[in-house]
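What follows is each chain in one-letter form.
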Amino acid sequence: DNVLGGVAAQGKVRGLSLVDFNFPQHLAGLEPAAVRAALEAAGLEAGAVCMRYTRVHQRGALTNPDEVLRREAIELTLEGCRWAEALGAEELVVWSAFDGYDYHLQADHTAMWTRAVEAFREVCDAFPRPAAQSRSPPPARRFCSRRRLAARTLGSRSTSGTA
């Protein structure tokens, strides 16, 4: 479970140049300078910081209907951005693992979409770099650049009133 030792071991893998870190699991309790030093000593760079929300966000992280839990997820995401920035990572991957529903008609998708856009807007405004990516839980296999998606969506909403 030693993350810095894991970085050193990954530095021995031929052809490996980037390391992704799950946040907060891999980075909690560490200092950015120590992680940067481990990466440098291993001849590696940080590729991405990947958000990993816990079961407390089972009803959604950035889309959670509970404002307190949603705020916690946003703050955690902002902290992930600080880590990505400190490590020089070019991406922050947002993958909530839990989207808050089991069946399509079980959720208010319009409200969830609104909460997601608001949360991503806050994160993007606070940290224009690194580029955040949004990944849906499997098996959906959907992937999009959050910045491009948000720009297209917000642009289309402002001109046509629909997403």
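Data block above holds the structure.
Residues numbered from 1 in each chain as written. Predicted model: local features only at pLDDT ≥ 70, side-chain atom pairs only at ≥ 80, totals over all residues. Heavy atoms only, no water.

S.K.: Please provide a residue-by-residue account of the pairing of strand β2 (residues 45–52), values included.
M.R.: With six of its eight residues buried, β2 lies for the most part within the structure. Of the pairings in the sheet, the one linking strand β1 (residues 18–23) to β2 comprises six bridges and is parallel in character. If you follow N22 over to β2, its bridge partner there is C50. Since β1 and β2 lie parallel, the crossover through helix α2 (residues 32–42) that links them has a hand, and here it is right-handed. Relative to strand β3 (residues 91–95), β2 runs parallel, the two sharing five bridges. Bridge pairing in β3 places A48 opposite E91. With helix α3 (residues 67–87) bridging β2 and the parallel β3, this β-α-β connection has right-handed handedness. (Buried < 20%, exposed > 50% of the residue type's maximum accessible area, 1.4 Å probe, protein only. Helix = DSSP H or I, 4+ residues; strand = E, 2+ residues; numbered from the N terminus. Pairing = 2+ DSSP bridges. Right-handed = clockwise from strand over helix to strand, strands pointing away.)

S.K.: Which residues make up α3, and what values do they have?
M.R.: Along its 21 residues, α3 runs 30 Å from first to last C-alpha, staying within 8% of the 30 Å computed at 1.5 Å per residue. All of the buried residues in α3 are L69, R70, A73, I74, T77, L78, G80, C81, W83, A84 and L87. Contacts from the buried residues of α3 go to β1, α2, β2, β3 and α4 (109–126). You can read the cap of α3 off the contacts: a side-chain oxygen lies 2.8 Å from the backbone nitrogen of V68, and it is on D66. Remark: G88 follows α3 within two positions and exhibits a positive phi of approximately 75 degrees. (Expected span 1.5 Å × (residues − 1). Contact = heavy atoms within 4.5 Å. Polar contact = N/O pair within 3.5 Å; in protein donor to acceptor, adjacent residues only side chain to side chain.)

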